[in-house]
Amino acid sequence: MKVSKTLLALLALPMLSVATAQNAPVPTMAPGAKQIQNAPKNMNEALKFLPDTLMVVNGRKVTKDKIIKTLKAMVPEQYIGQLPQAQLKQMVMGMLDMEIMAAVAERAGYKPSAAVVKAKLQEQWAKLTPEQKKAVEARMLAAKKTVDQFMDETSKNEDFQKEVAIDEWVTKQVAPSIKVSDADALKFYNANKARFVSPESITASHILIQPDKPGDKASEQKAEAKAKAILAQIKQGADFGLLAQAESACPSGKRSKGSLGQMTKENLDKDFWNAAFALKKGEISNVVKTQFGYHIIRLDDKTVAKTLTFAELKKDILNHLKNEATHKKVQEAVEAAKKSGYVKISKF
């Protein structure tokens, strides 16, 4: 969880009503799943299987009405009715876990606070560039609000207060307790070397000539002849980029003088790749036929496949392992809280 990103997004999206909603992924139906027949007409009907009180945590009730209010800010109401009950339960349990996290953070001394939220928002506002501030102010003006009004409203949002409190707890107490050594990182690297292979790639430019009627013999011959004539001009010293701008049927011609940028084998036509990869840097191919037409290819650069070294990846691996361990510790705290006396979850 990164509250700094949330805060910046909140400043950029002043119409957001529930701060936690933007961090929650919108659920998707499983591939091939059929829409439910006679689907519920509204969220209340879809969630009627829930008890009025879903959980009591630190003596406070988390009610069905509260969950529905939060869900309405996260997901289109008509969509909820299309989700199977098992998925709805999963969503609700995720929301209850957030409430438990907030309770754990509060018991550790990080209470939800409007003042803390306001300070965080002001801190993030100060970090915005003048251009970003202007963009936010314009959106505020459209919403008939000032930045200060928005910060005041957001700081009073109980859900966002909880999110900030959780982030404070994780950042200041949980994460610092996690220790990951260079030896841990090296062990992870050695066990996952296959994941750290950078594939071979090329950076290439091309000129594409397409037949007016693909598959028509005369049209194909005309296109090939045109491509050969352009290639002859290049061999005589004509500028490749200017010819790409003037003659190529590919949008890359006018956009970037034929440059396609860096590409790997997986995202290129097989015949194009084979012809381009066989070239040396700076070389230009003969006319190459692919399913798209007739190409003249210039190889601008080539990178062979290689395994990235531990030195190149050490910092990223250390961060990954620490984030993973932090997430695990937070989940363990949530599970421990569920077994404690201050969290009571109703069956549903």
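Up top is the structure these notes are about.
What counts and what doesn't
In this numbering scheme, every chain counts its residues from 1 along its sequence in written order. Residues qualify for local features only when their pLDDT is at least 70, as the model is predicted, and side-chain atom pairs are given and counted only at 80 or more; totals for whole chains, interfaces and linings, by contrast, use all residues. Hydrogen atoms and water are omitted, and side-chain values are computed over all heavy atoms in the structure. Here the rule is simple: two strands pair whenever DSSP picks up at least two bridges between them. Comment: elements are numbered from the N terminus, with helices defined as DSSP H or I runs of at least four residues and strands as E runs of at least two. Think of each axis as a best-fit line through the C-alpha atoms, taken over the contacting stretch in the case of a helix, with angles from 0 to 180 degrees between the N-to-C directions. When two rings of Phe, Tyr or Trp (its six-membered ring) have centres within 6.5 Å they constitute a pair, described as stacked for plane angles under 30 degrees, edge-to-face for angles over 60, and tilted for the intermediate range. The criterion is that NZ of a Lys, or CZ of an Arg, lies within 6 Å of the ring centre and within 35 degrees of the ring normal, and then a charge sits over that ring. A simple rule labels every residue: compare its accessible area, found with a 1.4 Å probe on the protein chains alone, to the largest value its type can have, and call it buried under 20%, exposed over 50%, or partly exposed in between. The directions from the helix axis to the C-beta atoms are what the arc is built from. Residues grouped as a nonpolar core are buried Ala, Val, Leu, Ile, Met, Phe, Trp, Tyr and Cys residues, joined through side-chain atoms within 4.5 Å. Note on contacts: a residue pair is in contact if any heavy atoms of the two residues lie within 4.5 Å.

Caption draft 1: Quick peek at the sheet that holds strand E7 (residues 293-303). The strand order across the open sheet formed by four strands is E5-E4-E7-E6, and the pairing between neighbours is antiparallel. At either margin of the open sheet sits one strand with a lone partner, and together these are strand E5 (259-264) and strand E6 (288-290). Sheet twist, expressed as the mean angle between neighbouring strand axes with direction ignored, is 45°. Pairing of strand E4 (residues 201-209) with E5 involves five bridges; the strand directions are antiparallel.

Caption draft 2: Structural detail: the packing of aromatic side chains. Using the criterion set out here, one finds four aromatic pairs in the structure. Clustering of aromatic rings is evident, with ring pairs tying together Phe188, Tyr189, Phe196 and Phe310. Above the ring of Tyr342, the side-chain terminus of Arg107 is found at 3.7 Å from the ring centroid. Lying across the ring of Phe277, Lys302 places its NZ or CZ 4.7 Å from the centre.

Caption draft 3: Examining helix H8 (residues 147-155) more closely. Buried residues of H8: Val147, Phe150, Met151, Thr154 and Ser155, and no others. Axial view of H8: buried residues confined to an arc of 125°, hence all on one face.

Caption draft 4: Structural view of the nonpolar core. By size, the foremost hydrophobic cluster in this structure holds 36 residues, and its most contacted members are Ile67, Leu71, Ile80 and Trp169. Sorting the residues of this core by element identifies helix H2 (43-46), strand E1 (53-57), helix H3 (64-74), helix H5 (85-107), helix H9 (158-174) and helix H15 (310-338) as the ones contributing at least two each. Filtering out sequence-adjacent residues up to four positions away, Trp169 remains in contact with Met101, Val104, Ala105, Ala108, Tyr110, Val174, Val330 and Ala333. Formed by twelve residues, the second largest nonpolar core is a distinct cluster that contains Ala227, Ile234, Phe240 and Leu243.

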